[in-house]
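# Examining the three-dimensional arrangement
Residues per chain, in single letters:
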Amino acid sequence: MPFSALGLSGPILKALAEQGYTAPTPIQARAIPMIMAGKDLIAAAQTGTGKTASFVLPILEKLKDGRTEQAKRIRALILTPTRELAVQVEKSIAQYSMHLSLSSMAMYGGVDLEPQKQGLIEGVDILVATPGRLLDMANQRAVLFDEVEVLVLDEADRMLDMGFIGDINKIIERLPRQRQNLLFSATLSEDVRFLVKTTLYDAVEITIAADTPTSPEIDQCLITVDKDMKSALLSHLIKEDQWDQALIFIQTKHGAAKLVGQLEKRGIKAEAFHSGRSQASRMKVLADFKSGDLSFLVATGIASRGIDIDELTRVVNYDLPDEADDYIHRIGRTGRAGASGEAISFVSLNDFRNLCAIESRLGHIIIRKEIEGFAVRKLVPVSILDYVPKNRNSSSGDGQDTRRAQGKKNSASKGQRKTSSRSNKSGKTGNYDEPKKPSGGSSSKSNIWGKWGA
Ligand code: AMP
């Protein structure tokens, strides 16, 4: 089916063609007509499915003939959990609306308020914002909601996990009652369903079904390795297999800095990406990585969602994430939009519990590889699907820190830039970027990866 069959108008079709899109993805094919019909919508969809365009395109279609000229007013509001996703979504809006005269802006915390206030002075058609900063601005009456026609809650499950529910509710209370609501979420957990119930009206629900929760284009494998040999193994693979680029996920900020140092000692240039770095340096590092000037990015989980790096061929889980869904999000950074990708996980005995949870979520075990010279001293058992051992040997020291950090509500995660005081009332900076989901709350098996026309 071509995009034109969805009823999108000329300037939008032209922009899509310029992006090289030939056909809608499954979520786009299903969501766009519903949204254009004015329906409220719940969509179970992860990043990598084309979900952003599935709500941005019909919003552009809806708003294209008018323009806000009212000071501080906005017409569409998109809430995202992180600043990176806000920037990413706004970038997509700018691309898809390049032949329209609509304005858009991304707004997030941790940076000076003033330029954002200035940006809002003449009104903005589409505002993409993280909840904490938006509420600050609303409290200062720097943004007014009385013209909002559409609300999008993007990555709703993530926003709830990050403790944004209070802020979201306060924002929603201020919106006009007559509006269209769209909610996108990787999982439709009970919390998300409750939000749906209180926010959406007579909503249509879309789940993109597929046989597996991961893209068929991603080659997954795991390498068993003793914990103290992981950095040597990584350097070995980078050099021996002549890797050109990799996004390497690691559990802690401290671990990221340490690994960057270890790689550099072996002559491999890498940069760390985590919430402890200033927003400016994070943006710079990400831009360098995207442009190919930087080959190796060592990131905490904060980079696992929303970051859209075209043509990323390889993701490494240096540590396995605590949550199976995070594994899927991480490896979803590669193999995007039909391209092929490789996801390699380093697994030592202390990762075993997480491995069991991930393999049980995937519904299959991950192919194991052995690398000569890196035989393990501590064998990692093969997991029995659907059985997740109790939390005894999970992540030794790291895991304990994780639990401590989780106790602090959302250390660096309140959608704010840098480590904003708003986001961390203790004033301290947690060592972890990702607050943990409440256990047991995850994964209805939302299967989202469909293939679509290249
Ligand atoms: P998203 O799920 O919104 O993060 O999008 C994932 C990637 O798919 C982005 O790089 C988009 O530019 C790309 N994309 C979205 N829609 C299409 C399409 N219809 N055809 C090809 N690529 C697309």
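The coordinates are above.
Remember, it's a predicted structure, so these values are computed and weren't measured experimentally. (Residues numbered from 1 in each chain as written. Predicted model: local features only at pLDDT ≥ 70, side-chain atom pairs only at ≥ 80, totals over all residues. Heavy atoms only, no water.)

### Let's talk about the pairing of strand S3 (residues 104-107)
In terms of strand pairing, S3 meets strand S4 (residues 124-129) through 4 bridges, oriented parallel. Within S4, the residue paired with Ser-104 across the bridge is Ile-126. (Pairing = 2+ DSSP bridges. Helix = DSSP H or I, 4+ residues; strand = E, 2+ residues; numbered from the N terminus.)

### Some words on helix H6 (residues 131-139)
Because the α-helix completes a turn every 3.6 residues, residues three or four places apart line up on one side. Across the 9 residues that make up H6, a large majority, 7, are buried. Within the span of H6, buried status applies to Pro-131, Gly-132, Arg-133, Leu-134, Leu-135, Met-137 and Ala-138. The elements touched by buried residues of H6 are strand S2 (74-79), S3, helix H5 (113-121), S4, helix H7 (156-161) and helix H8 (165-174). Phi turns positive, to about 55°, at Arg-141, one or two residues after H6. (Buried < 20%, exposed > 50% of the residue type's maximum accessible area, 1.4 Å probe, protein only. Contact = heavy atoms within 4.5 Å.)

### What to know about the side chain of Arg-330
Residue placement: Arg-330 occurs in helix H13 (residues 324-331). Although Arg-330 is buried, it forms no salt bridge, and the closest oppositely charged side chain is Asp-326 at an N-O distance of 6.4 Å. (Lys, Arg positive; Asp, Glu negative; His and termini not counted. Salt bridge = Lys/Arg side-chain N within 4 Å of Asp/Glu carboxyl O.)

### Digging into the packing of helix H2 (residues 26-36) against helix H3 (residues 51-63)
Put simply, H2 and H3 touch, their axes get as near as 9 Å, and they point 30° apart. Taken as axis vectors, H2 and H3 run roughly parallel relative to one another. The interaxial crossing formed by H2 with H3 has right-handed handedness. Where H2 abuts H3, its residues Ile-27, Gln-28, Ala-31, Ile-32, Ile-35 and Met-36 lie against Lys-51, Ala-53, Ser-54, Phe-55, Leu-57, Pro-58 and Glu-61. Looking at the contact of H2 with H3 residue by residue, the class counts come to 9 nonpolar, 2 polar and 2 charged. (Axes fitted to C-alpha atoms, helices over the stretch in contact; angles between N-to-C directions. Parallel < 35°, antiparallel > 145°, perpendicular 65-115°, else oblique. Left-handed = near helix turned anticlockwise from the far one by under 90°. Nonpolar A, V, L, I, M, F, W, Y, C, P; charged D, E, K, R; others polar.)

### Things to note about the packing of helix H4 (residues 83-96) against helix H12 (residues 279-291)
In a pair of packed helices, the angle between the axes and the distance between the axes together describe the arrangement. Where H4 contacts H12, the two axes come as close as 12 Å, and the packing angle between them is 55°. With respect to their mutual orientation, H4 and H12 come out oblique. Of the two elements, H4 crosses H12, and the hand of that crossing is right-handed. Along its contact with H4, which presents Arg-83, Glu-84, Val-87, Gln-88 and Lys-91, the element H12 presents Gln-279, Arg-282, Met-283 and Lys-290. Residues that form the contact of H4 with H12 fall into these classes: 2 nonpolar, 2 polar and 5 charged.

### Section: unusual backbone geometry
The phi dihedral of Arg-141 is positive, around 55°, even though this residue is not glycine. Structurally, Arg-141 is set in the loop between H6 and strand S5 (150-153). For Arg-141, a relative accessible area of 56% corresponds to the exposed category.

### Examining the sheet that holds strand S9 (residues 246-249)
Within the open sheet, the 7 strands sit side by side as S10-S11-S9-S12-S13-S8-S14. Their pairing is parallel. Strand pairing shows two members of the sheet lacking a second neighbour, strand S10 (270-273) and strand S14 (368-369), which therefore form its edges. Bridge count for strand S12 (residues 314-317) against strand S13 (residues 341-347) is 4 bridges, and the pairing is parallel. If you follow Val-316 over to S13, its bridge partner there is Ile-344.

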